[in-house]
Amino acid sequence: MTVAYADRLRESLSRVRETIAVATLAAGREPSTVRIVAVTKGHPPDAVRAVLQLGLSDVGENRVEELEGKVALLGQEGLRWHMVGHVQGRKARGVVGLADMIHSVDSVRLAERLARAGVDRGRNVAILAQVNTSGEGGKQGLPHAGAEEAVLAMAELPGLSLEGLMTMAPLTDETRVLSATFARLRELRDRLVARSDQIGGELSMGMTNDLAVAVREGSTMVRIGTALFGERDA
Ligand SMILES: *Cc1c(COP(=O)(O)O)cnc(C)c1O
């Protein structure tokens, strides 16, 4: 049986918006300063159609193949496609033609590949630098120590528009741990913005598990899957 994505999303979206409203109020911010990226990975194209029906336009995928399939089917008109998952170097060029923003740029080397693709296409590729601010080993992202210089180097590349930073928190319910992870990204953003006018202020942080904490810590883009569309198939 197919899930009625639009019906479900109507309800789940209002819950997510309520959470954002409460968290922004607590932080003295406007709810409109937080963009919802609906992460449709693991869900069929109907999930994306539901997003459009409900007046959202930002959708996220974490695998290049799935992004490619959905873009081929649904196009790029009226949608902003976000690549939120790891991008292998050899797929960098392809992603540039598919995604409007790449959240997961986790090495200067990958940034260089994306930059070359941007230059060849004659347009700047919008990226976020992913930083590992949780300190967990084996986690994707630039190591927090040294991230500042790496992001400054990325910002110098032609063909890129470095719009801000992204992080992923550990899977925990400990607010203290989540807050610290997000605050570290915000503080890094503040230092970078002070050092370079080539770096934007976006903070992509907050998923289903840690949405409210991320918004309280300054998130400008939340990447929400499960809370909007339900559990994904394993
Ligand atoms: C899957 C995914 C999300 C959304 O996760 P949920 O917990 O389902 O909200 C966000 N960011 C990235 C990078 C993801 O891979």
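Since the model is a prediction, treat every value here as computed from it, not as a measurement. (Residues numbered from 1 in each chain as written. Predicted model: local features only at pLDDT ≥ 70, side-chain atom pairs only at ≥ 80, totals over all residues. Heavy atoms only, no water.)

Q: Could you clarify how one ought to interpret the packing of helix α6 (residues 147–155) against helix α7 (residues 175–195) in this entry?
A: When two helices pack together, you describe them by how their axes are tilted relative to each other and by the distance separating the axes. Running from N to C, α6 and α7 cross one another at 45°; their axes reach a closest spacing of 10 Å. In terms of their interaxial angle, α6 and α7 are classed as oblique. In terms of crossing hand, the pair formed by α6 and α7 is right-handed. Contact residues: Ala 147, Glu 148, Glu 149, Val 151 and Leu 152 in α6; Leu 188, Arg 191, Leu 192 and Arg 195 in α7. Tallied by class, the residues present in the contact of α6 with α7 amount to five nonpolar, no polar and four charged. (Axes fitted to C-alpha atoms, helices over the stretch in contact; angles between N-to-C directions. Helix = DSSP H or I, 4+ residues; strand = E, 2+ residues; numbered from the N terminus. Parallel < 35°, antiparallel > 145°, perpendicular 65-115°, else oblique. Left-handed = near helix turned anticlockwise from the far one by under 90°. Contact = heavy atoms within 4.5 Å. Nonpolar A, V, L, I, M, F, W, Y, C, P; charged D, E, K, R; others polar.)

Q: Sorry if this is basic, but what is going on with the side chain of Thr 133 here?
A: Relative to the helices and strands, Thr 133 is located in the loop between β5 (125–132) and β6 (142–143). For Thr 133, a relative accessible area of 1% puts it in the buried group. Within the local environment of Thr 133, its side chain forms a polar contact with the side chain of Thr 167, the two groups lying 3.0 Å apart. Beyond its immediate sequence surroundings of up to four residues, Thr 133 is in contact with His 144, Thr 167, Thr 181, Arg 184 and Leu 185. (Buried < 20%, exposed > 50% of the residue type's maximum accessible area, 1.4 Å probe, protein only. Polar contact = N/O pair within 3.5 Å; in protein donor to acceptor, adjacent residues only side chain to side chain.)

Q: Explain the pairing of strand β7 (residues 160–166) to me, please; I cannot follow it from the model alone.
A: Side-chain positions along a regular strand alternate between the two faces of the sheet. Counted residue by residue, β7 has five buried out of seven residues, so it is predominantly covered. When β5 meets β7, the two strands line up parallel, connected through six bridges. By the bridge assignment for β7, Ile 127 is matched with Leu 162. By the bridge criterion, four bridges tie β7 to strand β8 (residues 199–204) in an arrangement that is parallel. For Leu 165, the partnering residue across the bridge sits in β8 and is Leu 203. Where the polypeptide runs from β7 across α7 and back to β8, its parallel neighbour, the crossover connection is right-handed. (Pairing = 2+ DSSP bridges. Right-handed = clockwise from strand over helix to strand, strands pointing away.)

Q: Any chance you could explain helix α3 (residues 64–74) here in plain terms?
A: A turn of α-helix holds 3.6 residues, and therefore any two residues three or four places apart point the same way. Those residues of α3 lying buried are Val 64, Glu 66, Leu 67, Lys 70, Val 71 and Leu 74. Within α3, the buried residues cover an arc of 160° as seen down the axis, which keeps them to one side. Away from the buried face of α3 by more than 90 degrees, exposed residues Ala 72 and Leu 73 are located. Check the buried side of α3 and you find it contacts α2 (45–53), β2 (58–61), β3 (80–83) and α4 (92–98). (Arc of directions from axis to C-beta.)

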